[in-house]
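Below, each chain spelled out in residue letters.
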Protein chains: 2
Amino acid sequence: MPRVSDMKERLMDAAMDLIWENSYGATSVDAICERAGAKKGSFYYFFKSKSELAAAALEDCWNKKKAEMDSIFSPTVPPLERFDRYFNFVHDRLAEVQKKCGSILGCPFISVGSEVSTQDQIVRETIDRIMDRKLNYFVSAVRDAAAEGVIDAPDPVAKARALFSCYQGMMAQARIQNDIELLRGFKEVAIEVLGVKRTSAMSSS
Amino acid sequence: MPRVSDMKERLMDAAMDLIWENSYGATSVDAICERAGAKKGSFYYFFKSKSELAAAALEDCWNKKKAEMDSIFSPTVPPLERFDRYFNFVHDRLAEVQKKCGSILGCPFISVGSEVSTQDQIVRETIDRIMDRKLNYFVSAVRDAAAEGVIDAPDPVAKARALFSCYQGMMAQARIQNDIELLRGFKEVAIEVLGVKRTSAMSSS
DNA sequence: AAAATAGTTGACTGGTCAGTCTATGCAGTT
DNA sequence: AACTGCATAGACTGACCAGTCAACTATTTT
């Protein structure tokens, strides 16, 4: 086999960075190439359009996060503690990114999804799929919590979806207001949304 | 005084329609002009940039909604019923828009806000202000509900914000999935987030 | 070393973008 | 009829946009 290249990776990473920080519409192919150190030709050698690259970049971004998600939402961890760990993890990650770029960027899937949903079916469907996979971690945790009797959840999917939406909403607001403090108190909101019984609160880290 | 023109209004309406249906980035000044039946010269006679028009259009959109909000959230209405009416109102409105344009568009402030927050301070601040005013309706209702004893709310602002985020998150998801059904069951979520006491549920319309 | 595969280069195209400018129309005032 | 303030017209600019293409380079296989 001839030489191998990491350019495809670099293009996806560059795209993800720029799209997350700015937006899909405000990110040009030229800008992506510049950041990746690629020329136009290379871009269109690996991807047949900007929208296909965006879909690939989002998918790739998810795949990189997946291992961490599996660890945080491991069935060996008590279900409510999974949420606790997850919210802390996201908070720390956003704070870290803020140091680099000066802004709270929130969840890229929600931002980009809202932006392109009516215009770009490829990207829309990719995000739809990713969000669904993300939701499933919540569903399992809610189910396990109900099985342990720490919450009541006659409809675990509905309850998981409620918590999920709530979290996504908070992140969108945090991005708009550029204020991470909104996410700080999310654990209390989660307890209320889940309807955690008074005897079995989450750890108070 | 010479002739009066409704062109400024028409430009704002056209901009709002296009931006809500597509996105800020995907909406060109030319497209706005075409829909408003205006020429470039008129556009730049009334607004000094695209971003200033967007801010004006969003502000104008809010002002048009304000009267309806005042009526829905009137202090003469029992506090929990205010939420009930509001969620129904938004649901019906989104369903109506869907008939015209084929998509569930969600909340324009959240979508546009997430899109432009890191790039356009004028628009960002406008949306920030609007969201805050919107939140205040929630805060008053939560306070009134607490005063009546139908919920416990040691921190009414936090509770209102939690419900608000939750609702915004659901709308963002409804847009991405193009599915209004997500909003149908929001009343039950609201009851849980607010922690409504079992004796005082919302009306079951 | 020749061939084949995998990746790179950068000039180029044609269209669209936000924004500018000068000329013009239209109504009420003097 | 001339003046004045508001509003419209639409051609124009130069930057930038996504995407194309034919020539080129580097590595491995035969």
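Quick note: structure is the one above.
Below: a short report on this structure. (Residues numbered from 1 in each chain as written. Chains lettered and ligands numbered in written order. Predicted model: local features only at pLDDT ≥ 70, side-chain atom pairs only at ≥ 80, totals over all residues. Heavy atoms only, no water.)

Thoughts on the relation of the copies chain A and chain B
- In screw terms, the move from chain A to chain B is a rotation of 180 degrees and a rise of 0.0 Å along the axis, fitting with an RMSD of 0.0 Å. Classification of the inter-copy transformation places it as that of a two-fold axis.
- When the interface residues of chain A are mapped onto chain B, 100% of them again lie at the interface, so the same face is used by both copies. (Least-squares fit on C-alpha atoms with pLDDT ≥ 70 in both. Contact = heavy atoms within 4.5 Å.)

Section: the side chain of Q173 of chain A
- Relative to the elements of secondary structure, Q173 of chain A occurs in helix α8 (residues 156-177).
- In contact with Q173 of chain A, other than residues within four places in its own chain, are N178 and L182 of chain A together with I110, M131, F164 and S165 of chain B. (Helix = DSSP H or I, 4+ residues; strand = E, 2+ residues; numbered from the N terminus.)

Thoughts on the pattern of salt bridges
- The tally for this structure, following the rule as stated, stands at 34 salt bridges over all chains.
- In the salt-bridge network here, residues are joined through shared partners; they are E9, D13, D60 and K64 of chain A. (Salt bridge = Lys/Arg side-chain N within 4 Å of Asp/Glu carboxyl O.)

Here we look at the packing of aromatic side chains
- Under the definition given, this model contains 34 aromatic pairs over all chains.
- Geometrically, the ring pair formed by F87 of chain A and Y167 of chain A is tilted, given 4.6 Å between the ring centres and 45 degrees between the ring planes. Of this pair, F87 of chain A sits in helix α5 (residues 79-101) while Y167 of chain A is found in helix α8, placing the two residues 80 residues apart along the sequence. Here F87 of chain A matches Y167 of chain A in class, with each residue buried.
- On the numbers, 4.8 Å between centres and 55 degrees between planes, the contact of F43 of chain B with Y44 of chain B is tilted.
- Overall, the relative accessible area of 0% leaves F43 of chain B in the buried class.
- An aromatic cluster is present here, built from W62, F73, F83, Y86, F87, Y137, F138, F164, Y167 and F186 of chain A joined pairwise through their rings.
- Across from the ring centre of Y24 of chain A, 4.4 Å away, lies the NZ or CZ of K50 of chain A, which sits over that ring. (Phe/Tyr/Trp six-rings, centres within 6.5 Å; stacked < 30°, edge-to-face > 60°. Buried < 20%, exposed > 50% of the residue type's maximum accessible area, 1.4 Å probe, protein only. Lys NZ or Arg CZ within 6 Å of the ring centre and 35° of its normal.)

Considering the nonpolar core
- Core analysis: the largest hydrophobic core is formed by 148 residues, its most contacted members being F138 of chain A together with F138 of chain B.
- Here F138 of chain B is in contact with F73, F83, Y86, F87, A160, L163 and F164 of chain B, once residues within four sequence places are set aside. (Core = buried A, V, L, I, M, F, W, Y, C linked by side-chain atoms within 4.5 Å.)

Thoughts on helix α1 (residues 7-21) of chain A
All names here are of chain A.
- Its 15 residues give α1 an end-to-end C-alpha distance of 21 Å, which sits within 8% of 21 Å, the value for a rise of 1.5 Å per residue.
- The set of residues buried in α1 consists of M7, L11, M12, A14, A15, M16, L18, I19 and W20.
- In the core, the buried residues of α1 are packed alongside α2 (29-36), α3 (40-46), α4 (50-72), α5, α6 (108-116) and α8. (Expected span 1.5 Å × (residues − 1).)

Here's the deal with unusual backbone geometry
- Non-glycine residue N178 of chain A carries a positive phi angle of around 50 degrees.
- Among the secondary structure elements, N178 of chain A is positioned in the loop between α8 and α9 (181-184).

Some thoughts on the environment of R35 of chain A
Residues and elements named next belong to chain A.
- Here R35 lies in helix α2.
- By relative accessible area, which is 46% here, R35 ends up partly exposed.
- Taking C-alpha positions, R35 is 22 Å from G106, a pair spaced 71 residues apart along the chain.
- With residues near it in sequence (within four places) discarded, R35 still touches A14, D17 and L18.
- Of note is the side chain of R35, whose polar atom sits 3.0 Å from the side chain of D17. (Polar contact = N/O pair within 3.5 Å; in protein donor to acceptor, adjacent residues only side chain to side chain.)

A short note on the environment of L194 of chain A
- Within the secondary structure layout, L194 of chain A lies in helix α10 (residues 186-194).
- Sequence spacing of L194 of chain A and A146 of chain A is 48 residues, and the spatial spacing of their C-alpha atoms is 9.9 Å.

Some words on the interface of chain A and chain B
- At the interface, 36 residues of chain A touch 36 residues of chain B.
- With both chains or domains summed, chain A and chain B bury close to 3,100 Å², and 58% of this area falls on carbon and sulfur atoms.
- One can count 2 salt bridges joining chain A with chain B.
- Our count for the contact surface shared by chain A and chain B stands at 16 residue pairs in polar contact (both at pLDDT 80 or more).
- Of all the secondary-structure elements, those providing two or more residues to the side of chain A that touches chain B are α6, α7 (121-148), α8 and α10 of chain A.
- It is α8 of chain A that provides the largest number of residues to the side of chain A that touches chain B, a total of 13 residues.
- Class assignment of the residues belonging to the side of chain A that touches chain B gives a composition of 15 nonpolar, 13 polar and 8 charged. (Buried area = accessible area lost by both parts, 1.4 Å probe. Nonpolar A, V, L, I, M, F, W, Y, C, P; charged D, E, K, R; others polar.)

Some details on the environment of E52 of chain A
- With respect to the element layout, E52 of chain A can be found in helix α4.
- Linking E52 of chain A and N136 of chain A, residues 84 residues apart in sequence, is a C-alpha distance of 25 Å.

Section: helix α8 (residues 156-177) of chain B
All names here are of chain B.
- Here α8 contains 22 residues, and its C-alpha end-to-end distance of 32 Å stays within 8% of the 32 Å for a straight helix at 1.5 Å per residue.
- Counting buried residues along α8, 18 of its 22 residues qualify, which places the element largely inside the surrounding structure.
- Looking one or two residues past α8, N178 carries a phi angle of roughly 50 degrees, positive in sign.

What about the side chain of T27 of chain B?
All names here are of chain B.
- Position of T27 among the secondary structure elements: in the loop between α1 (7-21) and α2 (29-36).
- For T27, a relative accessible area of 2% translates into the label buried.
- Setting aside residues no more than four positions away along its own chain, T27 makes contact with L18, I19, N22, I32 and K50.

Overview of the packing of α8 of chain B against helix α10 (residues 186-194) of chain B
All names here are of chain B.
- One way to put it is that α8 packs onto α10 with a least axis distance of 10 Å and a crossing angle of 155 degrees. By the angle between their axes, α8 is roughly antiparallel relative to α10. Our pair here, α8 against α10, has a crossing hand that is right-handed. In this structure, α8 contributes K159, A162, L163, C166, Y167 and M170 to the contact, and α10 contributes F186, V189, A190, V193 and L194.
- Tallied by class, residues from the contact of α8 with α10 come to 10 nonpolar, no polar and 1 charged. (Axes fitted to C-alpha atoms, helices over the stretch in contact; angles between N-to-C directions. Parallel < 35°, antiparallel > 145°, perpendicular 65-115°, else oblique. Left-handed = near helix turned anticlockwise from the far one by under 90°.)

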